[in-house]
Structures are given as C-alpha cells and as structure tokens.
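Observations on the three-dimensional arrangement
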Amino acid sequence: NIVFHLALLGVLVSVAVGSLFGYKGQKILVEGESFANTLIGYDSFTPGTNYDADWLEPFSVRLDSFEAVFNRDTTDPRSYGAPLDFTAEITVQEPGSEPQPETLKVNAPVNVNGVKSFLIGNGYAPVIRVTDGNGDVAFEGPVVTIPSDGVYTSSLVLKVPDARPDQLGFTGLLLPTAVTGPDGMPRSVDPGLANPQLILSSYYGDLGLDSGVPQNVYVLDVEELTELNGMLSQSGPIAIDAANPVHELPEGKGTIEFLDVKRYVGLDIVYDPGRFGAFISFVLAFTGLLMSMFISRRRVWVRAAKGVDEHGRACTVLEYGLLARGEDPRLATEAERLSELFTEQWGTADPPGDPAAHRSTNRAWSGPNHD
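The rules we used
Residues numbered from 1 in each chain as written. Predicted model: local features only at pLDDT ≥ 70, side-chain atom pairs only at ≥ 80, totals over all residues. Heavy atoms only, no water. Helix = DSSP H or I, 4+ residues; strand = E, 2+ residues; numbered from the N terminus. Rg over C-alpha atoms; globule rule 2.2 N^0.38 Å. Buried < 20%, exposed > 50% of the residue type's maximum accessible area, 1.4 Å probe, protein only. Contact = heavy atoms within 4.5 Å. Areas by Shrake-Rupley, 256 points an atom, 1.4 Å probe, with all protein chains shown as cover. Lys, Arg positive; Asp, Glu negative; His and termini not counted. Charge placed at Lys NZ, Arg CZ, Asp CG, Glu CD. Core = buried A, V, L, I, M, F, W, Y, C linked by side-chain atoms within 4.5 Å. Pairing = 2+ DSSP bridges. Expected span 1.5 Å × (residues − 1). Salt bridge = Lys/Arg side-chain N within 4 Å of Asp/Glu carboxyl O. Arc of directions from axis to C-beta. Phe/Tyr/Trp six-rings, centres within 6.5 Å; stacked < 30°, edge-to-face > 60°.

**Some words on the overall build of the chain**
Counting its regular elements, the chain contains three helices and 22 strands. Here the C-alpha radius of gyration of the chain, 38 Å, is well above what a compact globule of 371 residues would show, namely 21 Å. Relative to its full complement of 371 residues, the chain shows a buried share of 36%. Looking at the chain alone, contacts between residues at least 24 apart form 58% of all its contacts between residues at least 6 apart. Of the roughly 21,500 Å² of accessible surface on the chain, a fraction of 55% belongs to carbon and sulfur atoms. Positive and negative side-chain charges of the chain, numbering 26 and 48 respectively, have mean locations separated by a distance of 14 Å.

**With respect to the nonpolar core**
In this structure, Leu168, Phe170 and Ile256 are the most contacted members of the largest nonpolar core, which totals 47 residues. If we skip the residues at most four places from it in the chain, Ile256 touches Ile128, Arg129, Val130, Phe170, Leu200, Ile238, Ile240, Pro245, Val246, His247 and Leu249. Counting eight residues, the second largest nonpolar core, distinct from the first, contains Leu318, Tyr320, Ala335 and Phe342.

**Re the pairing of strand β9 (residues 137-142)**
Two elements, strand β8 (residues 115-132) and β9, share five bridges in a ladder whose sense is antiparallel. Counted as the bridge partner of Val127 is Pro142 from β9. Linking two consecutive strands that pair antiparallel, namely β8 and β9, is a turn of four residues; a positive phi of about 85° is found at Gly135 within it.

**What to know about helix α2 (residues 275-294)**
A rise of 1.5 Å per residue sets the reference length of α2, with its 20 residues, at 28 Å; its end C-alpha atoms lie 29 Å apart and thus fit the reference within 8%. At its buried positions, α2 is contacted by α1 (2-21).

**Some words on the pattern of salt bridges**
Any two side chains of opposite charge can pair, on the condition that their charged atoms come close. Counted under the stated rule, the structure contains 10 salt bridges. The salt bridge partner of Asp85 is Lys105, with a shortest N-O separation of 2.8 Å. One end of the pair, Asp85, is in strand β5 (residues 83-93); the other, Lys105, is in strand β6 (residues 100-105), and 20 residues separate them in sequence. Asp85 sits in the partly exposed class, given a relative accessible area of 30%.

**Brief notes about the side chain of Ser201**
Tracing the sequence through the fold places Ser201 in strand β15 (residues 197-205). Overall, Ser201 belongs to the buried group, its relative accessible area being 13%.

**Comments concerning α1**
Helix length check: α1 (20 residues) gives 28 Å between terminal C-alpha atoms against 28 Å at 1.5 Å per residue, within 8%. What α1 keeps buried is the set Ala7, Gly10, Ser14 and Gly18. Buried residues of α1, viewed axially, fall in a sector of 70°; they line one side. Opposite the packed face of α1, turned more than 90 degrees from it, sit the exposed residues Ile2 and Leu12. Of the surrounding secondary structure, the elements contacted by the buried residues of α1 are α2.

**Overview of the packing of aromatic side chains**
Overall, the coordinates contain 12 aromatic pairs when judged by the stated rule. On the numbers, 5.1 Å between centres and 75° between planes, the contact of Phe35 with Tyr42 is edge-to-face. Overall, Phe35 belongs to the buried group, its relative accessible area being 2%. Judged by centre distance (6.3 Å) and plane angle (20°), the rings of Phe282 and Phe286 are stacked. Taken together, the residues Phe282 and Phe286, both in helix α2 and four residues apart, mark about one turn of the helix. Given a relative accessible area of 46%, Phe286 falls into the partly exposed group.

Structure (structure tokens):
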C-alpha cells in the first residue's frame, strides 16, 4: 500500500514537471525541405507553463524521402488500396556533429536529446508555378493539400499575393489517380500517383492579406474576389495534369502550371522531461497494486502477562491472536505453527530448579466474524 500510494504521488509530480517544463509543436515538412528546432520554425507551438523558448534543443531535420505502401492484393477488393506502412527517411544534424540518417515510422519516433519527433500524418504537395499578367513568376513551389478520403482526394488552397496587376487565388482538388466517373465528373480511384490531376477554380482581387488580420492558409475567402474559372463559370474549371500541365487564365491574368508532386509528412515534436519519472512511478504503482492483490496481509498479536497455573504457582501466561484481511483458511495452520514455535522456545514443563512454570494458550480468528 505504501509503495502504491507513493508511486501515485510520483506520477502526479512527474506529470506536473512535464506540464511546467515541456512543450509540444507541429510541423509540416515537404520532401527536400529542412526544419530547424527554433520557435519560428514551428507551424504551431504549445509551451509548458514555465518553459522558455530559449531552452529549445538546437538541431535540424531534413525530409529526404517518404514512402507509403498500399495494399495491392487484388483477391481482397474491399481492402485494396488501404495503407499498410509509412516510412520517412530523414537526416538529423546537431551543431558540431555530422549529419545522421534516421528512419521515422508510425509509433517509432526519432529521439534527439530527449526531443521526440512522431510521424502523425502525410499527404501530397503538388509543385505549382503561377505567372501573373505581367509575365513574372509570382509563385513557384509545393502546395500542401489536405486528404479527405481513403484514396487521397485532397483539397488545395493557393494564395498568390505577389501577382500583378491583381492578386490571384486558387481552390480545388488534387486527384492522385484521376478518372472520369459515370456522371462525367473527375474523381480519384486510388491513393497512388497513377494519373495526378488538379481541378481548380481561380479568382482575382484583394486577398485581404495586407489588412493584418490572421487568415487560415487552408481557406480562401472569395466574397471580395472575382471568379475567373469555376464549375459554373463560362470558362469552366482548370484541369491540368502531366499531359496538359499549363493553363492560361482568362482576361490575361497569367498562367498556372503543374510541375510535379511531392510527398509531405506531419510531425509532432514533443519534449516531456517528466516522462521517464512518470513511467518508473507507474511501474512501481502497478507492482504495489499486484502485491496488495496477491499477497495476503496477516497480523499477529502476542501478549505476555504474569499469572498462576492450575496448581497455584506463579507463571507467565502467553496469549497470541491472528487476524487476516478477509477470510483466510491458512490462519489455523499458522496458529499451530506459532504454538509449536513457542513450545519449542520455552516449553510447557517446569525448568529444572525453577519453580515457575511456563505455559501458552492461543486463539486464532479470521474475517469480521470472530470470537
């Protein structure tokens, strides 16, 4: 009981230490990109109550490649295309040391001086080039998409504030394996990149990024924008793929080009200084609980008092009692063992030359109903 309750206290203290001096952050990393463990490098960062961002462990992580394995067993159509395994090959480098290749998998984080990086998500990042109406490249790079189903149909939002003469915005879908359905609408039928295609709507106008009000990078507010392409517009949606990678925007607003598709991973980066203490305390608490369940707790009271025997001679009367927590049939046997032990130690007959006799009596009880 003492071990169990002290260990519970240790768990609470360890959790408190982790909450005070730990942190948790998230980062989306595209193939070929690097992440430095600094506050500005995180997409989101949640520090502990007393944590100082200056304490961040200095290291960097580069995503070299990402591989997703999908089920290709045609004998089981229901699970065909289901994900089987995810593997990210990364390079970790600390100041003053050589880069170290590491393999990051689900439930197999990479540990850098107590900072653990977990693989929590993945998806596609199409590489897009946008040329504005003046003929200048206003944007070029990967755009992170958000998967919405098992075949990685992914939503895409691209904001191009540097386009001239008007800012441009795009929303739509990435279809990894695009086909035309019976209703004439494009859709994806497999999570692999067999026939990647972008289906987009385009807008121009003021994106509102200069107002200073924070915006969700995955949402495009089109209320103040003018539509150029769309499902219901006269020009129709933008459909670009490897065979037709370039689309010219209406009204001379520029062009959009589909260059490539990369993979990205979502990282959960955690530092918890109380994790080890919490684990040790949990093991001790569990051990104490098992001990209290399987080890019978018994108590023995022994009392010696002056008395007289049946002949009226002075003697020492030894009384002892046994008590168990709940019913325990072993008490009677242990009472007999105690009686034998006392008899062997002091005997029941008069010692030579000593008129005082020693005798012992015993009584044993178990459970709440006893004499």
